[in-house]
Amino acid sequence: MSKTCRVSLLVFLSAVMSNPALLVLYGSQTGTAQDTAQRLARQARRRRLQVRASPLDGYNVADLISESLVVFVCSTTGQGDPPDNMKNFWRFLFKKSLPVGSLSRLDCAVLGLGDSSYPKFNFVAKKLHKRLLQLGACVLLPVGLADDQHDLGADAVIDPWLASFWEKVSALYPYLSDVIPLRDDEPLPPTYTFHFLDAVGEKTEDRLRIPTEQSVPSPTHPFPARMVFSRRVTEPSHFQDIRHIEFDITGSNIEFAAGDVVMMRPCNAPEDVQQFCQLLRLDPEARFTLRPTDNAAVPARLPQPCTVRHLVESYLDIAAVPRRSFFELLSTFATNELEREKLAEFSSAEGQDELHSYCNRPRRTALEVLADFPHTTAELTVDHLLDLFPEIQPRSFSIASSLQAHPDRIQVLVAVVRYKTKLYKPRKGLCSTWLASLDPAQGEVLVPLWVKKGSLKFPTEEETPVIMVGPGTGVAPFRSALQERTADGKTANVLFFGCRSESKDFYFRSEWEEMMKAGCLRLFTAFSRDQEEKVYVQHRVRESGELLWDLIANKNACFYIAGNAKQMPAGVCDALKEAFQEAGGASAEEAEQMLAAMEKTGRFQSETWS
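About the cut-offs
Residues numbered from 1 in each chain as written. Predicted model: local features only at pLDDT ≥ 70, side-chain atom pairs only at ≥ 80, totals over all residues. Heavy atoms only, no water. Core = buried A, V, L, I, M, F, W, Y, C linked by side-chain atoms within 4.5 Å. Buried < 20%, exposed > 50% of the residue type's maximum accessible area, 1.4 Å probe, protein only. Contact = heavy atoms within 4.5 Å. Salt bridge = Lys/Arg side-chain N within 4 Å of Asp/Glu carboxyl O. Pairing = 2+ DSSP bridges. Helix = DSSP H or I, 4+ residues; strand = E, 2+ residues; numbered from the N terminus.

Within the largest apolar cluster, 39 residues are counted, with the highest numbers of intra-cluster contacts made by Phe 276, Leu 311, Leu 316, Phe 326, Phe 327, Leu 386 and Phe 389. Sequence-distant contacts of Phe 327, defined by excluding residues within four places in its chain, comprise Pro 322, Leu 343, Phe 346, Ser 347, Leu 355, Tyr 358, Cys 359 and Val 369.

A full pass over the atoms with the stated rule returns 32 salt bridges. A salt bridge links Asp 185 to Arg 183, with the shortest nitrogen-to-oxygen separation between them at 2.9 Å. Take Arg 183: its relative accessible area is 51%, and that puts it in the exposed class. Members of the salt-bridge network, linked through shared partners, are Arg 39, Asp 155, Asp 159, Arg 324 and Glu 328.

A few words now on the sheet that holds strand E11 (residues 287-292). An order of E7-E11-E12 is seen for the three strands of this open sheet, with the pairing classed as antiparallel. Both outer strands of the open sheet, strand E7 (192-196) and strand E12 (306-307), are each paired with one neighbouring strand and no more. Across two bridges, E11 lies against E12 in antiparallel orientation. When the bridges of E12 are listed, Arg 287 appears paired with Thr 307.

With that settled, the discussion passes to unusual backbone geometry. Excluding glycine, a negative phi dihedral is what most residues carry, and trans is how most peptide bonds are arranged. Across the junction of Gln 304 and Pro 305, the peptide omega takes the value 0 degrees, indicating a cis bond. Inspection of the secondary structure puts Pro 305 in the loop between E11 and E12. In this structure, Asp 408 takes a positive phi of about 60 degrees despite not being glycine. Take Asp 408: it is sitting in the loop between strand E13 (395-398) and strand E14 (409-415).

Below you can see the structure in the form of structure tokens.
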């Protein structure tokens, strides 16, 4: 090699070594994995590293072969499924045609975010980690398995995992130990800058309307569905307000089947929007455009120009319980000594129990935190709003109707979330409270929505029996299935429904009775509070062991569970295994194997939520 070539190569290597680029790719369903990915990206910027953070489906996966350092942060959804924004990546990565050593130049790490109350805990992260190894990647450290069920939340795993990751990076790039990082209390540059427009000018109202011309509604192009009715289906004296809501989807091109879900993005309450604008001294009617400071794309859901009111009402998640990253960012603006100390404590690994007591346990909102730290809030600049507050995430509801029974309509069953903590104001669910506040009797109400495939799939064969266990609002997908199945002449249907009281929250009672009269349904009910001894659906499943064994062993029945993920699903599974043992003569081990085999073949399915 000539002297000139050697010098050129040394210059090139020096440039590469002095500026390693970190790529952080995330798969996020509710925003938690995205938040963690952005936290990692901020840590990289403080170490003066080049860094990009992107959703997995926003990245060209074919470019992975030319990356040098990548961190994958991913959650798990449903029954071990990847989040929506990494499904294309997932399909590509698991192609059998990919060569075994195709990622041999890649140094990477995988951090999973999960909830151990679900059976397939961190399944996506584990499977991704294994696949990267198969493709020859050098995995720098063991897969991180963060758990929401931990007393201190996911950070109990994330904190030490990130510390280990940076140790490995420092070993890979020894020169980094000479780099003087930015201090933790120095604000990083904002992702966007706000450019306010003159008061006189183009109106933005038309730009805020949702486009209606598209083939199939999607997250970026939802369909503005007219709310037809919103009826309370619990007795006025009952402690919980449950709504049966119908939307008109005429002309939307929306199609769905039993088990699918409808997605909606809620709006913040008008009083919260007003308080937020007052705290930050913002004019709600002021208009602005956003300009990225780096290569970031302007959020697709924000019109350009946009009003402050639209930003706060429809985009910034000010009513959510803030994550630790919120306090980390907020602390960089604090000049008041008391507030700065408290925010620094909440941001530290040692202060997480204190933060949980202040924020997570009482479910304190980001807006309430701003009110508690008035001096720091006064120091906030508008340019940092989109870094400080995440985007409002869409909520999913099981569709409770069938197009056969209700053409051009979608119906849902919504529990209006309201509960007390140690805080004076009751806590409210953002989406359910927003939906309940909408009254079509007062004028036309349009709700932007779209539909996506659910995890429950029902058999197409007419003779296959279906057994459904759906206490409370868990009955919603089964109402859809029953309407669909009875319209198709499928009569082998069994439903276990549970609620507190026969007279107060027995949803769709008259419909079930009509189906029973028509010979299309066998119904078993459990009213937990109507007698001294509490009776739940799992008790009814246990009592019906002979019937269930006959349907499953002799008639190839499919078994479904939907509802709250606390004790019910495990209780129902135990009751079903008891039926296999007592009615079918199986041993405990055989019963376990039978249930596992049913799950593997899709004859046992569950859709639960916490």
